[in-house]
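Examination of the molecular architecture
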Amino acid sequence: GAGSGAMVENQTDEKLMARFQKGEMQAFEVLLQRHRKGIYNFVYRFVNNPAAAEDAVQDVFLRMVASRQSFEKRSKFTTWLYTIARNLCIDHLRKQKHRRHLSLDQPSRPGGESEVTLMDRVGNKDSLPDQQAHDSLIRKQILGAIAELSEEQREVFLMREESGLPFEEIARIVKAPLNTVKSRMRYALQNLRARLEAQGVEL
């Protein structure tokens, strides 16, 4: 009845999902607001192409709607959602392999949601123009280095850095043992560091 709206915001993802499965659109809206940015950042860094990322994010949430009944109460919502996102990204990358024309320097949309946690450590809005130019170059180098990681390392790195998922959850999403996931993260960081140091960037 009336007043239930205010309560929706405070509910867990899993409770909201149960309400959405019963047809409550407001619960979907809250889930969308809560996770759109994290999913966008993950997808964008994974496929490394802003236009494709926009499409993929739409697809993730369309698929979330279409397969909402397959979500089971005992699983974690983010695990389910990121599994959908990851599968779409992998499909997309498979298709891209047939037509290799991705550019690293595609500008991110102005005001878009493509700022990255790792980048935020580098960028600082109040710095001088020289510093800002330097930061944006470093940002581009970091993005390039992330794009060069193997798919296995990149997805783990992004879920951890970008989306802040715990390793246990990442292990469930990528269907690999916990130790494997942790070592992929270790290798990803080593590779990023090595790549960036080769370009004279200290992390």
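One structure accompanies this document, and this report is about it. (Residues numbered from 1 in each chain as written. Predicted model: local features only at pLDDT ≥ 70, side-chain atom pairs only at ≥ 80, totals over all residues. Heavy atoms only, no water.)

Moving on to the overall build of the protein chain. For the protein chain, the count of helices and strands is 10 helices and 0 strands. Reading the protein chain from its N terminus to its C terminus gives the helix and strand order α-α-α-α-α-α-α-α-α-α. Within the span of the protein chain, comprising 203 residues, buried residues form 48% of the whole. Put simply, 63% of the contacts in the protein chain that link residues at least 6 apart link residues at least 24 apart. Carbon and sulfur atoms form 51% of the exposed surface of the protein chain, whose accessible area is close to 11,200 Å². (Helix = DSSP H or I, 4+ residues; strand = E, 2+ residues; numbered from the N terminus. Buried < 20%, exposed > 50% of the residue type's maximum accessible area, 1.4 Å probe, protein only. Contact = heavy atoms within 4.5 Å. Areas by Shrake-Rupley, 256 points an atom, 1.4 Å probe, with all protein chains shown as cover.)

Here we come to the side chain of Gln11. Residue placement: Gln11 occurs in the loop between α1 (4-8) and α2 (13-21). Polar contacts involving the side chain of Gln11 include one to the side chain of Arg19, which spans 3.0 Å. Those residues in contact with Gln11, other than ones at most four positions away along the chain, are Leu16, Arg19 and Arg34. (Polar contact = N/O pair within 3.5 Å; in protein donor to acceptor, adjacent residues only side chain to side chain.)

Turning our eyes to something else, we now look at the packing of helix α3 (residues 25-47) against helix α8 (residues 151-161). In the contact formed by α3 and α8, the axes pass within 10 Å of each other and the chain directions differ by 155°. In this view, α3 runs roughly antiparallel relative to α8, as classed from their interaxial angle. Considering the relative orientation of α3 and α8, their crossing is right-handed. Packed against α3, whose contacting residues are Phe42, Arg45 and Phe46, the element α8 presents Glu151, Arg154, Glu155, Leu158 and Met159 at the interface. Broken down by class, the residue content of the contact of α3 with α8 amounts to 4 nonpolar, no polar and 4 charged. (Axes fitted to C-alpha atoms, helices over the stretch in contact; angles between N-to-C directions. Parallel < 35°, antiparallel > 145°, perpendicular 65-115°, else oblique. Left-handed = near helix turned anticlockwise from the far one by under 90°. Nonpolar A, V, L, I, M, F, W, Y, C, P; charged D, E, K, R; others polar.)

Membership of the largest hydrophobic core comes to 55 residues, with the highest contact counts inside it found for Ile39, Phe42, Val43 and Met64. Elements that contribute at least two residues to this core include exactly α2, α3, α4 (50-66), α5 (77-98), α7 (129-148), α8, α9 (167-174) and α10 (178-198). When residues in this core are grouped by element, the largest group, 11 residues, is from α3. For Met64, the contacting residues outside a window of four places in its chain are Met17, Phe20, Phe28, Leu31, Phe77, Trp80, Leu81 and Ile84. (Core = buried A, V, L, I, M, F, W, Y, C linked by side-chain atoms within 4.5 Å.)

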